[in-house]
Amino acid sequence: RILIRKINMNIFEGIEHVFAEGISNRQYFEQGNYVVTIDTVFIHEKRLGGGKLFIVETVVTDSDNPNIKPGDKKNWVQSLSLPSALPRIKTFLGASMGLCTKSQLKEINSSITTDICNQAVSPKNPLKGKILKLECVDKISRTGKNFTQHVWRTING
């Protein structure tokens, strides 16, 4: 399978002006606590003009969910057409840089720039091999929809 990875240098425009958070509404991970190793981070263009996706491909190294086992490959996907995407990406990248997503939000908010984002999705794949903790919690939105909140953390925090 060949993935075509397109990088648009302006898709992260404005990330310096949003605040990090740790929520996602994708169903790739189920409720549970995980340790994951990053394989690839890239941008994918949805077919038929559906917009761009920020995708993090991981390999699970530890899991307390019996449905998701070590060695399983799981993805975290953020649609860049949603206003929540940039804050979520900012939090993920902060954790990837070793910053605590609870106590170091100020550092995350000042460190994650458009350039950092573009480097993260570049063919150099600088995040490959990074190990992170991921907590997923099932929640219900204000509108009554089910979603899984993703909370990224450093392996030490």
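Remember, it's a predicted structure, so these values are computed and weren't measured experimentally. (Residues numbered from 1 in each chain as written. Predicted model: local features only at pLDDT ≥ 70, side-chain atom pairs only at ≥ 80, totals over all residues. Heavy atoms only, no water.)

K.L.:
In this structure, what is going on with the overall build of the protein chain? I would like to understand it.
P.N.:
Check the secondary structure of the protein chain and you find three helices and five strands. From first element to last, N terminus to C terminus, the protein chain shows the α and β order β-β-β-α-α-α-β-β. When each of the 157 residues of the protein chain is scored for burial, the buried share is 45%. Of the roughly 8,800 Å² of accessible surface on the protein chain, 52% is carried by carbon and sulfur atoms. (Helix = DSSP H or I, 4+ residues; strand = E, 2+ residues; numbered from the N terminus. Buried < 20%, exposed > 50% of the residue type's maximum accessible area, 1.4 Å probe, protein only. Areas by Shrake-Rupley, 256 points an atom, 1.4 Å probe, with all protein chains shown as cover.)

K.L.:
Which parts of the structure should I look at to understand the sheet that holds strand β4 (residues 131–140)?
P.N.:
Within a sheet, each strand pairs with its neighbour through backbone hydrogen bonds, oriented either parallel or antiparallel. As summarised here, the arrangement of the five strands in space is β3-β2-β1-β4-β5, forming an open sheet in which the pairing is antiparallel. Each edge of the open sheet is held by one strand with a lone partner, namely β3 (73–79) and β5 (146–154). Pairs of neighbouring strands in the sheet enclose a mean axial angle of 40°, with direction left out of account. With nine bridges joining them, β4 and β5 adopt antiparallel strand pairing. Counted as the bridge partner of cysteine 136 is histidine 150 from β5. (Pairing = 2+ DSSP bridges. Axes fitted to C-alpha atoms, helices over the stretch in contact; angles between N-to-C directions.)

K.L.:
Sorry if this is basic, but what is going on with the pairing of strand β1 (residues 32–45) here?
P.N.:
Two faces, one strand: in a regular strand the side chains alternate between the faces of the sheet. Looking at chain direction, β1 and β4 are connected through six bridges and run antiparallel. Counterpart to valine 35 in the pairing with β4 is lysine 133. Summarising the sheet, β1 and strand β2 (residues 52–63) pair through 11 bridges and their orientation is antiparallel. Across the sheet, residue threonine 40 finds its bridge partner in β2, namely glutamate 57.

K.L.:
I tried to follow unusual backbone geometry on my own but got confused; where do I start?
P.N.:
Most peptide bonds take the trans form, and the phi angle of most residues other than glycine is negative. With a phi angle near 50°, asparagine 125 is a residue other than glycine that sits in the positive phi range. Within the secondary structure layout, asparagine 125 lies in the loop between α3 (114–120) and β4. The exposure class of asparagine 125 is buried, given its relative accessible area of 15%.

K.L.:
Please clarify how the nonpolar core should be interpreted in this entry.
P.N.:
Generally speaking, soluble globular proteins have nonpolar side chains that are buried together. Residues Phe12, Phe54 and Phe92 are the most contacted members of the largest nonpolar core, which totals 32 residues. For this core, the leading source of residues is helix α1 (residues 85–96), giving six residues. With sequence-adjacent residues up to four places away left out, phenylalanine 92 is seen in contact with Ile38, Val41, Phe54, Val56, Trp76, Leu127, Leu132 and Trp152. (Core = buried A, V, L, I, M, F, W, Y, C linked by side-chain atoms within 4.5 Å. Contact = heavy atoms within 4.5 Å.)

K.L.:
Sorry, what's going on with the packing of aromatic side chains here?
P.N.:
The description of two aromatic rings rests on the distance between their centres and on the angle between their planes. This model, assessed by the stated rule, comprises six aromatic pairs. Between the aromatic rings of phenylalanine 29 and tyrosine 34, the centroid separation amounts to 5.1 Å while the plane-to-plane angle is 55°, which identifies the pairing as tilted. Judged on exposure class, the residue phenylalanine 29 and its partner tyrosine 34 are both buried. Centre to centre, the rings of phenylalanine 54 and phenylalanine 92 are 6.2 Å apart; their planes meet at 70°, and the pair counts as edge-to-face. (Phe/Tyr/Trp six-rings, centres within 6.5 Å; stacked < 30°, edge-to-face > 60°.)

K.L.:
Got a minute to help me understand the side chain of threonine 154 in this structure?
P.N.:
With respect to the secondary-structure elements, threonine 154 resides in strand β5. For threonine 154, a relative accessible area of 10% gives the class buried. Residues in contact with threonine 154, not counting those within four places in the same chain, are Ala95, Gly98, Leu99, Cys100, Leu132 and Lys133.

So yeah, pure geometry; function would need other evidence.
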